[in-house]
Amino acid sequence: LMPLSASAADKIVYVDFERIYRESKVVGAVQNDLRNEFKQREEALAAARQKIEMLRESLEKEAITISSEEKDERERSILEKERDFVRDRQALVEDRTLRFQERRREVDQEIERLIAELAEKNGYTIVLNPYLRLPLSERSSFNHNIVVYAAADTDITAAVVELFDREAIIGR
């Protein structure tokens, strides 16, 4: 390994993407948009769940006063509604996950574009992300910190958050 010259070392900086996600107003707005996008479906599911519970309670109260045929029919109806509810909830979770991943990719691409602009403008030679995310499967990943030490003045995250909130073309 050849040691870096002082001038080359001065051009190495890092950006903490997780901190951008915590501090950026634009990212917050994108997250709110996502919540609002699925709010109506979530409310409909909550109402469906409540209706199923009411039907179940009603059946329990009336079970001794109704015929066994009516009881069986109402139980089948409740089971059908429960299956529909489970299917709809699963579809919502899948849709929300997919949409979240799409928006995360859009935000990441925009952050990377702005980092490249900032790096070129300031003459940085290397910009590191302190967290390496390694996908293990479609649903899980392993996060590993690849920056063991960095001087405070090499952290350009605040500048990226400011630039992102000011110039991002996403979430507006």
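(A) The confidence of the model for the chain, seen in detail. Looking at the chain, pLDDT values average 85 and 83% of them are 70 or higher. Confidence, expressed as mean pLDDT per element, reaches its minimum in the chain at helix H1 (residues 6–9) with 57 and its maximum at helix H3 (residues 25–62) with 95.

(B) Helix H4 (residues 68–122), seen in detail. With 55 residues, H4 ought to run about 81 Å at 1.5 Å a step, and its terminal C-alpha atoms sit 79 Å apart, in line with that. Trailing H4 by a residue or two, Gly-123 shows a phi angle of about 70°, which is positive.

(C) View of the packing of aromatic side chains. Counted according to the given criterion, the structure contains zero aromatic pairs. If you follow Arg-104 out to its NZ or CZ, it ends over the ring of Tyr-21, 3.7 Å from the centre.

(D) View of the pattern of salt bridges. Within the structure shown, the criterion is met by 18 salt bridges. Among the salt bridges present, the one from Arg-166 reaches Glu-162, with a minimum N-O distance of 3.2 Å. Of this pair, Arg-166 and Glu-162 both sit in helix H5 (residues 157–167), four residues apart, roughly one helical turn. The class for Arg-166 is partly exposed, based on a relative accessible area of 49%. Here Glu-167 and Arg-166 are joined by a salt bridge, their closest N and O atoms 3.4 Å apart.

(E) Representation of the nonpolar core within the structure. Of all hydrophobic cores here, the largest spans 20 residues; its most connected members are Val-15, Val-107, Ile-111, Val-160 and Phe-164. Only helix H2 (17–23), H3, H4 and H5 provide two or more residues apiece to this core. It is H4 that contributes the most residues to this core, five residues altogether. Residues within four places of Ile-111 in sequence aside, it is in contact with Phe-17, Ile-20, Tyr-21, Val-160 and Phe-164. Formed by nine residues, the second largest nonpolar core is a distinct cluster that contains Leu-45, Ile-52, Ile-66 and Leu-92.

Quick notes on the rules
Residues numbered from 1 in each chain as written. Predicted model: local features only at pLDDT ≥ 70, side-chain atom pairs only at ≥ 80, totals over all residues. Heavy atoms only, no water. pLDDT = per-residue confidence, 0-100. Helix = DSSP H or I, 4+ residues; strand = E, 2+ residues; numbered from the N terminus. Expected span 1.5 Å × (residues − 1). Phe/Tyr/Trp six-rings, centres within 6.5 Å; stacked < 30°, edge-to-face > 60°. Lys NZ or Arg CZ within 6 Å of the ring centre and 35° of its normal. Salt bridge = Lys/Arg side-chain N within 4 Å of Asp/Glu carboxyl O. Buried < 20%, exposed > 50% of the residue type's maximum accessible area, 1.4 Å probe, protein only. Core = buried A, V, L, I, M, F, W, Y, C linked by side-chain atoms within 4.5 Å. Contact = heavy atoms within 4.5 Å.

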